[in-house]
Amino acid sequence: MCSILGPEQGWRRAGVLVLVGMSMALAPGCSMPERGPRRQAFGHDSPVYGGRFVFSAEDDVRTLDPAVGYDSDSWNLEHLIFDTLLAYDDDVQLVPSLASSWEVDERGLVYTFHLRDDVRFHTGRLMVADDVVGSWNRLFDPALASPATDFFGVIQGADAVMEGRADRLSGLVALDPHTVQVTLDHPDSTFPNIVAMMFGAIIPPEVAAELGDRFALTPVGTGPFQVTERAVGEHTLLTAFDDFWQPGLPYLDEVEFLAGYPRSLAFMKLENDEIHEVDRLTSPDYLWLKHNPAWRRQLYEYPAVDTYGELMNTEMPPFDDVWFRRAVSTAINRDKLRKLRNGRLRPTVSWVPPALPGFADWDKLTPEERADFQYQRYDPDLSRECLAKSRYADGLSEPLTYWAVDTEGSLVTAMSIQQDLAAVGIPMELKLVTLSTYFTASGRRKTVPFAYAAWVMDFPHERNFLESRFHCRMISDENSTNDSFYCNPEVDALLDRAARTMDEGQARELYWQAHRIIARDAPYAFEYHSTALSVTQPYVKGFRAHPVYNRDMREAWLDLPEGRPTPDRGGAP
Amino acid sequence: MSAWLVRRLGWALLTLWLVLSGSFLLAYVVPADPARQMAGPHASPEVIERIEAEHHLDEPLLVQYGYYMRGVVRGDLGRSYRTDEPVTAALARAVPNTALLAVGASIFQILVGIPIGLFAALRKRSLADLSAMAFALLGISAPTFLTGLGLLYVFGYQLDLVPLGGRGEGLFDLLRSALLPSITLGIAGAAYYSRLTRGEYLEVAGRDFMRTARAKGLPEVRVVLRHGMRNALIPVMTFFGVDLGAMLGGAVVTEKIFAWPGMGRLAVDGVLNQDTPVMLGAVLVASTFIVLANLVVDVLYAVLDPRIRVG
């Protein structure tokens, strides 16, 4: 080879090229001025079949057994494998699913579910009413210690089963192969919501009995996907179930869930077109994405069904004084929190989230209602007034102790509140604990005076928000769900009447009354509802970021050139 | 030798028992309730009580300890509180993954660290020596999370040469996916070995036997490698053995950054989820590797240096 450069110059040139190359690689702004998605949608007019949808999370799901899983990540994956008798549509309204219809008697005690006759399990067997009876009886198996008993315990005979006096729920009967009748201990207007929880998923009981513990790894359901590989801590592979009862679904051949990927790594994989969706971003990635025109279009933000705030232990001074609690609640600047969290939350005066009917929207409240909800709003002047009316007008003997958990959200909130309270003359110290320590301590009587807390829905109904945190019945010495230990018989009576009435309008009114009293008594400072997000590749269609199911890919499809017009999977399992 | 070995094995078992018992006690005194962690924040006291009964968490400390140690002796390390999976199954999956990283990192440490150290020693106080020692300083000082993320960003994200985290399937993809985490794990060790090798070689280089070897007319390569390095490597071997043992116990930060399903990630998840059986299983495996590595190093001493005798 002929070169105008000598050998030494050649090496130098190569060295320079390497350095330039490395610099370009390290300086994204120079090398990739437009860091957008690598592939765009092909433009199919209607859904096409095929492809593997890949998504990830920082932790693996705890279990795939619907009787045991009690967290949104487990439910998210279970939603692809299982069905419940009732489900939620995009507007969070209950709709038929495995049950084609249902009715309840006038007393609200007896529910009858009419089942579809074309539903098959992944084993190929047709689903019948006995499977519903078997699935729900299994929830009471002592070996499972299922949290579902807190919800399905309303079925007649549940106490006897839990106390070992019976082995079947007396109130759960298969009337014929396609009809199930459920008799409750007492009227419960939210029973259909309970049925739609993932705990209520229908499984083939004989398979669960045969597999035992292994059912959590390779479960069998009626959903659009079946589990074909499960490596705990690594990945889970689901493949399309060809006999799924909803015609034409699913479009995807496979869904793969990758476990253990930190948020920053997941986002890099999204940019590299290795995964199709992320639902959690680090703050820098979120801000970058919001300002990147190519990716911003792929970001979908929606209100999560949750409420965050500060619990104030009403059994511990100074929070045993309602005026002091009001002073604290009105001193907290919710809008400052919104700014500190990059706008990823919605400040609130309401304990019930916006997706539910009992939400208190300050702009729409009447003056009388505002008089109650004003104690859940930032108003430093009102805070000083309340403080002056409290027993602590002359100051506290020692600073408040605020329990913060070692997460970004908790710490930012804690420091912001510390400043807010100092501004009205209330000193506060932080106590940093781990999440597990916090969970244990906050449920213990007279232990945690003041802390960052939240309620994330079990099912989308205001009862779940109000009763769980504020009913006297939910108080216990250890593991109390009511962690402000707030007890007001008037609230209890309203909540109990609301739960038992079958008149929806009347129930809503009773819940609203209870909500107003709780807002006024301020056992919690209601602060904000979080904003959930989802970023997908441009060619991902039919994917739903659903308030209940979170990442719902049951109807997702990939708008890519290789998509097939028919579901023919060429012998795919 | 055999009596010495039996005695050392006895001490090793005692060490493991003490480590395991201490860890059990620590897990017990932590002010958090694993049952609450398992049941979730919304669970009722009744559900939590049932979980406590199912896992013997409502028993006194000594009874729980008895249950656990009886299981350990039988090879049963219990079931994960979080996933209900047998801990032995989780460990069996994680240990080979971590072993792959540890072996990869060790190879990197040896192949990069020792030659650089020798190169620097042979060119003492030259620009090459200065550059090599600057590499060593940088390698030792750079935090793993920075090195790991930097390598991922350049070689995985920008240049797309290796996967962005996770463990690949199939031999080729597996080795490709292990490349960056192995290098990340090995960089600090390589840097340290280069300093150590340089220092040790410089000390050995002035010894009488080196002069004698040269006076005998042996080729310089043989003098350096056969006579010089064999002596200079003894301290390096000590560190190598202990390092390998520690790495087999899990590389927490590296595994977390690269989403590598090994012992380190398992241990961290165990601690964060208050999953005591997983946590204790990870402690047992990690301490076993360290104890064994120390034992092997002691034996290797005798092999490398005939003046050292055991027993």
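Residues numbered from 1 in each chain as written. Chains lettered and ligands numbered in written order. Predicted model: local features only at pLDDT ≥ 70, side-chain atom pairs only at ≥ 80, totals over all residues. Heavy atoms only, no water.

**Some points on the interface of chain A and chain B**
Piece 1. In this complex, chain A contributes 46 residues to the contact, which on the side of chain B involves 45 residues.
Piece 2. Counting each side, the surface lost to burial between chain A and chain B is near 4,100 Å², with a carbon and sulfur contribution of 51%.
Piece 3. The largest share of the area that chain A buries against chain B comes from Arg62, Glu234 and Asn479 of chain A, three residues that together contribute 16% of it.
Piece 4. The tally of links from chain A across to chain B stands at three salt bridges.
Piece 5. For Glu234 of chain A, the salt bridge is made with Arg167 of chain B, and the minimal N-O distance between the two is 3.0 Å.
Piece 6. At the surface where chain A touches chain B, the tally comes to 14 residue pairs in polar contact (both at pLDDT 80 or more).
Piece 7. Here the side of chain A that touches chain B is composed, by residue class, of 20 nonpolar, 13 polar and 13 charged. (Contact = heavy atoms within 4.5 Å. Buried area = accessible area lost by both parts, 1.4 Å probe. Salt bridge = Lys/Arg side-chain N within 4 Å of Asp/Glu carboxyl O. Polar contact = N/O pair within 3.5 Å; in protein donor to acceptor, adjacent residues only side chain to side chain. Nonpolar A, V, L, I, M, F, W, Y, C, P; charged D, E, K, R; others polar.)

**A look at the side chain of Thr112 of chain A**
Piece 1. Topologically, Thr112 of chain A is positioned in strand E5 (residues 110-115).
Piece 2. Excluding residues within four positions of it along the chain, Thr112 of chain A makes contact with Ser101, Trp102, Glu103, Thr179, Val180 and Gln181 of chain A. (Helix = DSSP H or I, 4+ residues; strand = E, 2+ residues; numbered from the N terminus.)

**With respect to the pattern of salt bridges**
Opposite charge on two side chains makes pairing possible when the charged atoms of those side chains draw close.
All names here are of chain A.
Piece 1. By the definition in use, this model includes 51 salt bridges over all chains.
Piece 2. Between Arg52 and Glu256 there is a salt bridge whose closest N-O contact spans 3.1 Å. Placement of the pair is Arg52 in strand E1 (residues 52-57) and Glu256 in strand E10 (residues 254-259), with a sequence separation of 204 residues.
Piece 3. For Glu256, a relative accessible area of 11% translates into the label buried.
Piece 4. Put simply, Asp118 and Arg116 hold a salt bridge, and the shortest N to O gap is 2.9 Å.
Piece 5. When its relative accessible area of 34% is taken as the criterion, Asp118 is described as partly exposed.
Piece 6. Taking the relative accessible area as the measure of exposure, Arg116 reaches 25% and is therefore partly exposed.
Piece 7. In the salt-bridge network here, residues are joined through shared partners; they are Asp73, Glu277, Asp279, Arg280 and Arg551. (Buried < 20%, exposed > 50% of the residue type's maximum accessible area, 1.4 Å probe, protein only.)

**A closer look at the state of the cysteines**
All names here are of chain A.
Piece 1. One pass over the full model with this rule turns up one disulfide over all chains.
Piece 2. Sulfur-sulfur distance for the disulfide between Cys472 and Cys487 comes to 2.0 Å. Disulfide Cys472 to Cys487: torsion about the S-S bond roughly 110°, handedness right-handed. With a gap of 15 residues between them, Cys472 in the loop between helix H18 (462-470) and helix H19 (489-500) and Cys487 in the loop between H18 and H19 connect regions that are remote in the sequence.
Piece 3. Residue Cys487 is classed as partly exposed on the basis of its relative accessible area, which comes to 46%. (Disulfide = S-S within 2.5 Å.)

**Structural notes on the domain arrangement of chain B**
All names here are of chain B.
Piece 1. Taken domain by domain, chain B comprises domain 1 (2-73) and domain 2 (90-304).
Piece 2. With centres defined by C-alpha atoms, the gap from domain 1 to domain 2 works out at 33 Å.
Piece 3. Contacts between the two partners involve 17 residues from domain 1 and, on the opposite side, 15 residues from domain 2.
Piece 4. Overall, the association of domain 1 and domain 2 removes approximately 1,400 Å² of surface from exposure, summing both partners, and the carbon and sulfur fraction of that is 76%.
Piece 5. Counting across the interface, domain 1 meets domain 2 through zero residue pairs in polar contact (both at pLDDT 80 or more).
Piece 6. For the side of domain 1 that touches domain 2, the secondary-structure elements that each account for two or more residues are helix H1 (2-29), helix H2 (34-39) and helix H4 (61-73).
Piece 7. Ranked by the residues each element gives to the side of domain 1 that touches domain 2, the list is headed by H1, at eleven residues.
Piece 8. Tallied by class, residues from the side of domain 1 that touches domain 2 come to 13 nonpolar, three polar and one charged. (Domains from an automatic or database assignment.)

**Here's the deal with unusual backbone geometry**
Piece 1. Pro250 of chain A follows Leu249 of chain A through a cis peptide bond whose omega is -5°.
Piece 2. Relative to the elements of secondary structure, Pro250 of chain A occurs in the loop between strand E9 (235-240) and E10.
Piece 3. A cis geometry characterises the amide bond from Pro317 of chain A onward to Pro318 of chain A, with omega recorded as 5°.
Piece 4. Along the polypeptide, Pro318 of chain A turns up in the loop between strand E13 (306-312) and helix H12 (322-331).
Piece 5. Of note, the phi angle at Asp160 of chain B is positive, near 55°, even though the residue is not glycine.
Piece 6. Along the chain, the position of Asp160 of chain B falls in the loop between helix H7 (144-158) and helix H8 (171-205).

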